[in-house]
Amino acid sequence: MMLSGECFCGEIKYRISGPLVDPLSCHCSRCRKAFSSQCSNYARVDSGDFRWVSGEEKLTSYVAQSGFGLLFCSTCGSTLCGTTDESVHGVVLGCLNEEPELAEMHHIFVESKASWEKLPNGVKVFSEGRQANDRR
Ligand SMILES: [Zn+2]
Ligand SMILES: [Zn+2]
């Protein structure tokens, strides 16, 4: 399935020709700030399956000390992608245009979620990270 995504103002658009892997929602205090939300919403993508369609020159980035970076639109502020070593590592699910087929979302660091956030019933939760798989 070909997926597409874009920022809020629509100037930056991308396409993904492969699967989205390991959908993750992290509720830690750092992700709340990085994603301007109650949690992150993110899935990995093979960088070879990802390409910018328009507006790439509008991208700006912030790289955290961990080396994990975020790419966002310099016009509207939407956060679009995560990067490692300056190559696209995954996408923020909120900017996708389609309803992707996804494995079950894992909610991590729910022990440090904001007190005002109420998690829906039945979601897969981890009090902290998921040892082997958590590379965020
Ligand atoms: Zn934009
Ligand atoms: Zn986090």
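Residues numbered from 1 in each chain as written. Chains lettered and ligands numbered in written order. Predicted model: local features only at pLDDT ≥ 70, side-chain atom pairs only at ≥ 80, totals over all residues.

**Things to note about the overall build of the protein chain**
Thinking step 1. Looking only at helices and strands, the protein chain features one helix and eleven strands.
Thinking step 2. In the protein chain, the succession of helices and strands from N to C terminus is β-β-β-α-β-β-β-β-β-β-β-β.
Thinking step 3. Relative to its length of 136 residues, the protein chain is compact, with a C-alpha radius of gyration of 15 Å against a globular reference of 14 Å.
Thinking step 4. Buried residues in the protein chain amount to 26% of all 136 residues.
Thinking step 5. Put simply, of all contacts in the protein chain between residues at least 6 apart along the chain, 52% involve residues at least 24 apart. (Helix = DSSP H or I, 4+ residues; strand = E, 2+ residues; numbered from the N terminus. Rg over C-alpha atoms; globule rule 2.2 N^0.38 Å. Buried ≥ 20, exposed ≤ 12 C-beta atoms within 10 Å, placed from the backbone. Contact = placed C-beta atoms within 7 Å.)

**Here we look at unusual backbone geometry**
Thinking step 1. Of note in the backbone geometry, aspartate 22 takes a positive phi value of approximately 60° without being a glycine.
Thinking step 2. Take aspartate 22: it is sitting in strand 3 (residues 21-26).
Thinking step 3. Overall, the presence of 17 C-beta atoms within 10 Å leaves aspartate 22 in the partly exposed class.
Thinking step 4. Phi is positive for aspartate 85, which is not a glycine, with a value near 50°.
Thinking step 5. Tracing the sequence through the fold places aspartate 85 in the loop between strand 8 (79-84) and strand 9 (87-92).

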